[in-house]
Amino acid sequence: MSSLRDADPELRAYFRRHNLLGVYEALLCGVVVMRPEDPLIFLEEKLKEIVEKGLDAVLWYMCVDPSLRTNLKRIAETYLNTLFGLEDEQLMTKELWAKALDFYSRNLMKLYFRGWIKYHLLRKNKRKKTEQKMALAVVHYKFRIVRVIIQKWNILVQIHKEKKTLAARKLQQIFNKISLNAVLKAWHAEACSSLKTKAYFERLVKKGQEGCFDSNEYLTYESVKRKTSRLPEEALLQIFRYVNLVDLARCAQVSQTWMLLTQNSSLWSDINFSSVKHKVQDKIVVNILQKWRPYVLRLNLRGCYSLHWPSFKSISECKNLQDLNLSECQGLNDDSMRLISEGCPSLLYLNLSYTDITNGTLRLLPRSFPNLQYLSLAHCRKFTDKGLQYLGSGKGCHKLIYLDLSGCIQISVDGFRNIANGCSRIQDLLINDMPTLTDRCIQALTEKCQRIMSVVFLDSPHLSDTTFKALAECKLVKVGIEGNNRITDLSFKLISKYCPYIKHIHMADCQKITDVGLKMIAPLKYILVLNLADCIRIGDGGIRPFVEGSSGATLRELNLTNCVCVTDASVTEIAQRCHNLTYLNLRYCENVTDAGIEALGTMSSLISIDISGTSISDMGLRALGCSGNIKELSISECENISDTGIQQFCQDTKCLEYCHVSYCPQLTDETVKALAFHCPKLTTVSIAGCPKMTDLCIEYLAAACCYLHFLDVSGCINLTDKALKYLWKGCKQLQILKMLYCRNITKQAVLKYTAKLEKQEHNDADPPPWVGYDRNGNILTFTKNHKSELE
C-alpha cells in the first residue's frame, strides 16, 4: 500500500482510470509476503487467476497463501461490534463500507463548502470596497463639478446685479419724476377740494340756518387764548384734572402760566398711567413718583405690562397711597407685592386682577394693609383655598367690604368658608366667569357674611334658586345673574319677600324667568335698573304689570334685548308710566313698530335708546327725535330706515354723542352728512356694513366732528386711503378705528395715518356672506342667523 502511494503519479492515474488499483495492491502484497524465488512467474500465475475470477473479486490478500494470512479482527473487540452489532470473526460488510464512504464524502464536502464560502466572502468584501471607493470618487467628482459651476454662476450673478442696479437707478429716476408730477396733481386737486369744502362750511355758518353749526363752535386760536386767559386758576386746575399725562405735558408747553399750573400738587394726587399704558416705562414712572410721592393718593397702572422692580420700588415710597390698581401688570409677583407692602400702610383699595400673585401675597395683606376695604383678585389662578385662609389670620382683613373673585375657578367650598371666617363684613361680592360656582359655595359664604348687599354672578350656570334662599338673610340691593337656566320665578318670589329695598336686578339670559316672576317683583318700590335681556319668555303679560307697579315711576334703566314677545302695547305703557327712564334697550324686539316708538318720542327723560333689529321706519325715527334729548342712538340692522329719516331725526337732536347705524345697506353719505352737520358733539360713530358710504362721508365727519373718539367703518367697501387722510387731519382725538373688510384701504396708508391711535383693526379681505352684500356692494338674499362679528 505504501509503495502504491509512493509510485509515480502518472502510473497511479493510469490504474485509477482502468480500475486496476486493487489488482496492483493484491499482486504487490503477494510478492511482499510470499517472497517467491521467481517473482515474474509468481506474478504471471496470479494474473491468470485474477483474470479467471474477474476484477470484481480482487481482494488485497488473494495472492497470499492462506497459511500466511494474519487472522486479524477489524476492531471487533473494541467499538465496532458495539456500534454496528458485529459478531466475532465477522468481517466488514458493504453497508459499512457505504456508510464510511458517505461519512467521508460529507466531511469532504463540508471542507470544500467552507472553503468556497470563505472565498466567496473575500470576493464580496473586495467588490464592496471597490464600490465604496467608486462612490467616493463619484461624490468627489460631482463636488468638483458643482464648485466649478457655482464659481461661474457667481460671476454671472455679480454681472447681473450690476446691470440690475444700473437699471433700477434709471427706473427710480423716471419713477421719481412721474411720482412728483402725480403728487403735484393730487395736491392741486386736494387743495381745490379743501377750498370747496371750506367755502361750503363758511356758507352754512353765514346762513345761520337751524340745524347748522353754531358759530361759537368754531373758535380761532386767538379767541381761545383770550378766553382761557380770563379763567381763574381754580377753573383751569379743574379742567386739567380731566387731561391725561401726555396732554398734561403738552399743556405745560403752552405758556409759563400753564406750566406753573401743571406743577400744582393737586393734579398729581390722582395719577392714571393706564391711559398711556403702551408708552409707559420704568423710567417715566420712577421720575414722576419720586417727584410727587408725598401727594399721590390714587395710582392706576392697569395694563402697564412693561413695569418691573424699579417702578414697584417707587410705589413703596408713596406713604400716603390709598388706591392702587395693578391689574394686568405682567411684571407683578409676590416679591413685588412684598416690596410695595413695606411702604403703603394706608392702602384702602387694591386691584390685583389678572396677575400672577400666589398665597404669599395673600399672606401679606392682613399684616401690611390692616385698613384694606376693597380687594380684587379677579382671574388670579395661582392662589389656593389656603391662601384665602390667611385673610382671617392675625389682624385679618376684617374691614374688607368689597371682594372680586371673578374667574378664580380654583376656589372650592372650603375657600369660601375661609373667606366667611376672615371677612364677615363683606357687602359687595363679584364672582363672574366662574362655572365651578355652586349653591354650596354661596351657602358656606353666607353662614357668617350676613351684610352682603350686592352680588353679581355672571356666567355661573350651576347656581339655582337655592342660592337666593341662602341670601335671604342678606338685605340685597343689587343682584346680577347671567347665562343661567336653573334660576326660576321662585328666585323673584324670594327677592320680593326678603329684599324690599333692592334697586338693581340683572337677570339676563335666564330662560326659565317668565311673566309670573316679573309680576312678583312689581310691588317693590325702589327698583332703578332692570335687565331682562335674552329672557325670551318675558312678554306683555309681565312688562305691563311691572311698569304699572310701585317701581314704574322711578325706573331709570330697562333692558329688554331679544324679548321677542314684547309688543307696542308694552312700549306704550313704558312711555306713559316710566317718567324717569333714561336708558331703554329694545334690541331685536321684532314686534315693536312705529306705533310704540312714536310713544317714546314724548319722553323727555330718555337719553339712550337701542332699537336695532326692530321694524321701525322713518316715521317712527322722526317721532323719536321730537324729545330732542337723546344722546345715544343705536338703529343697526333696521332695513326700513332711510337717509330721510335720519336727517329728520338729527334736525331735532343737537346733543347726540353716540350713534350706531351699522348694517343698514340702504344708507348713503347723506346720513353721515346729516349727523356731522347737526350733531358736532359726536364721540362714537359706527357705519359698519354700509356699502354705499364713500370718502365723502368721512370728509364730513372729519370736518365737523372734532370730538370723535371711536369710528367703525368695517365693510365700507368704497372707502380709500383718502378717508384716512381726512381723519388724520380733522379728528385729532380719535383713539379707536375699525376698518375690517375695507379692500380699497392699503396697509401703507393704515401704518401712515393711524400710528398714533390707541387701537386700530384693518384687513382688506372681501366682506363675508353674512354681511348681506358682496365685494361690489350687491345685496345678497339669505336668512340672517347671527349678529355681526364686528359688533
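Keep in mind that what you see is a predicted model, and the values were worked out from it rather than measured.

### A word on the overall build of the chain
Logical step 1: Along the chain, the regular secondary structure elements total 29 helices and 20 strands.
Logical step 2: Out of the 791 residues in the chain, the part that is buried amounts to 43%.
Logical step 3: Excluding contacts between residues fewer than 6 apart, the proportion of contacts in the chain whose partners are at least 24 apart in sequence is 72%.

### Observations regarding the confidence of the model for the chain
Interpretation of the predicted coordinates at a detailed level should be avoided for regions scoring low in pLDDT.
Logical step 1: Scored by pLDDT, the chain has a mean of 85; 88% of the residues are at 70 or more.
Logical step 2: In this model, residues 73–80 is a region of pLDDT below 50 whose contacts with residues beyond four sequence positions or in other chains number twelve contacts.
Logical step 3: Note that residues 783–791 has pLDDT below 50 and, in this model, 20 contacts with residues that lie over four places away or in other chains.

### Some points on the pairing of strand β8 (residues 454–458)
Logical step 1: Counted residue by residue, β8 has four buried out of five residues, so it is predominantly covered.
Logical step 2: Sheet topology places β8 next to strand β9 (residues 478–482); five bridges connect them, and they run parallel. Bridge assignment links L458 to a residue of β9, and that residue is E482.
Logical step 3: After leaving β8, the chain enters helix α18 (residues 465–470) and then returns to the sheet as β9, a path that is right-handed.

### A closer look at the packing of helix α26 (residues 669–678) against helix α27 (residues 695–704)
Logical step 1: The N-to-C vectors of α26 and α27 enclose an angle of 5°; their axes lie 8 Å apart at closest approach. One way to sum up the angle between α26 and α27 is to call them roughly parallel. Contacts from D669, V672, K673, A676 and F677 of α26 reach α27 at L696, C697, Y700, L701 and A704.

### A look at a nonpolar patch on the surface
Logical step 1: A surface patch of nonpolar side chains, about 400 Å² in accessible area, is lined by F113, W116, I117 and L121.
Logical step 2: Summarising the element assignment, L121 is placed in helix α6 (residues 94–207).
Logical step 3: The exposure class assigned to L121 is partly exposed, which follows from its relative accessible area of 44%.

### Brief notes about unusual backbone geometry
Logical step 1: Positive phi values are uncommon outside glycine, yet D433 reaches one of about 50°.
Logical step 2: You can see D433 is positioned in the loop between β7 (428–430) and α17 (439–446).
Logical step 3: D433 gets classed as partly exposed once you look at its relative accessible area, which sits at 36%.
Logical step 4: In the Ramachandran plot, D534 falls in the positive-phi region, its phi being about 65° despite a non-glycine side chain.
Logical step 5: Structurally, D534 is set in the loop between β11 (529–531) and α21 (540–548).
Logical step 6: A relative accessible area of 28% places D534 in the partly exposed class.

### Regarding a positive patch on the surface
Logical step 1: On the surface, a cluster of positive charge is made up of R123, K124, K126, R127 and K128.
Logical step 2: With respect to the helices and strands, R123 occurs in helix α6.
Logical step 3: Exposure remark for R123: the relative accessible area of 48% places this residue in the partly exposed category.

### A few points about the pairing of β9
Logical step 1: Here five bridges tie β9 to strand β10 (residues 504–508), and the two strands are oriented parallel to one another. By the bridge assignment, I481 is partnered in β10 with M507.
Logical step 2: After leaving β9, the chain enters helix α19 (residues 489–498) and then returns to the sheet as β10, a path that is right-handed.

### A look at the environment of I502
Logical step 1: Relative to the elements of secondary structure, I502 occurs in the loop between α19 and β10.
Logical step 2: Here I502 falls in the buried class, since its relative accessible area comes to 0%.
Logical step 3: Between the C-alpha atom of I502 and that of I521, which follows or precedes it by 19 residues, the distance is 10.0 Å.
Logical step 4: Excluding anything up to four places from it in sequence, I502 contacts L476, V477, K478, V479, I495, L524, Y526 and I527.

### Describing the packing of aromatic side chains
Logical step 1: Counted under the stated rule, the structure contains nine aromatic pairs.
Logical step 2: Ring plane angle 75° and centroid distance 5.4 Å describe the contact between F240 and W258, whose orientation is recorded as edge-to-face. Placement of F240 in helix α8 (residues 233–240) and of W258 in helix α10 (residues 256–262) is noted, with a sequence separation of 18 residues between them.
Logical step 3: Between F677 and Y700, the ring centres sit 5.5 Å apart and the planes meet at 70°, which makes this aromatic pair edge-to-face. Pair noted here: F677 is in helix α26 and Y700 is in helix α27, with a separation of 23 residues, a long-range link.
Logical step 4: One cation-aromatic arrangement involves K732 over W728; the distance from NZ or CZ to the ring centre is 5.6 Å.

### A look at the side chain of S570
Logical step 1: Relative to the assigned elements, S570 resides in helix α22 (residues 568–577).
Logical step 2: Not counting the four nearest positions on each side in its chain, S570 is found in contact with D540, I543 and R544.

### Observations regarding the nonpolar core
Logical step 1: I315, L326 and M507 are the most contacted members of the largest nonpolar core, which has 177 residues in total.
Logical step 2: In terms of residue count, α27 provides more of this core than any other element does, six residues in total.
Logical step 3: In contact with L326, not counting residues within four places along its chain, are L301, F312, I315, L332, M337, I340, N351, L352, S353 and T355.
Logical step 4: Of all hydrophobic cores here, the second largest spans eight residues; its members include F42, I50, V58 and M62.

Calculation notes
One numbering rule holds for all chains: residues counted from 1, following each sequence as written. In keeping with the model being predicted, local features are shown solely for residues with a pLDDT of at least 70 and side-chain atom pairs are shown and tallied solely at 80 or more, while totals for entire chains, interfaces and linings include all residues. Working from all heavy atoms in the structure, the side-chain values ignore hydrogens and water. Helix and strand labels come from DSSP, where a helix needs a run of H or I of at least four residues and a strand needs a run of E of at least two; each type is numbered from the N terminus. Only protein chains enter the accessibility calculation, which uses a 1.4 Å probe. A residue is then buried if its area is under 20% of the maximum for its type, exposed if over 50%, and partly exposed in between. Any two residues whose heavy atoms approach within 4.5 Å are treated as being in contact. As a per-residue measure, pLDDT reflects the predictor's confidence and takes values from 0 up to 100. By the convention used here, strands pair only if DSSP detects at least 2 bridges between them. By definition, the crossover connecting two strands over a helix is right-handed if that path, from the first strand to the second, turns clockwise as seen with the strands pointing away from the viewer. With axes taken as lines fitted to C-alpha atoms, and helix axes fitted only over the stretch in contact, angles between N-to-C directions fall between 0 and 180 degrees. Note that the term roughly parallel is reserved for angles under 35 degrees, roughly antiparallel for angles over 145, roughly perpendicular for angles of 65 to 115, and oblique for everything else. Residues with no salt bridge and a relative accessible area higher than 30% make up the patches, which join like charges within 9 Å and nonpolar side chains (Val, Leu, Ile, Met, Phe, Trp, Tyr) within 5 Å. The Shrake-Rupley method, run with a 1.4 Å probe sphere, supplies the accessible areas, and residue values consider only the shown protein chains as cover. Note on definitions: salt bridges are taken to be side-chain nitrogens of Lys or Arg within 4 Å of carboxyl oxygens of Asp or Glu. Counted as positive: Lys and Arg. Counted as negative: Asp and Glu, with His and the chain ends omitted from the count. Note that the charge is assigned to NZ on lysines, CZ on arginines, CG on aspartates and CD on glutamates. The criterion for an aromatic pair is that two Phe, Tyr or Trp rings (for Trp, the six-membered ring) have centres within 6.5 Å, with stacked assigned to planes under 30 degrees apart, edge-to-face to planes over 60 apart and tilted to the rest. Criterion for a charge above a ring: Lys NZ or Arg CZ within 6 Å of the ring centre, and within 35 degrees of the ring normal. The set of buried Ala, Val, Leu, Ile, Met, Phe, Trp, Tyr and Cys residues whose side-chain atoms join them within 4.5 Å is what this entry labels a nonpolar core.

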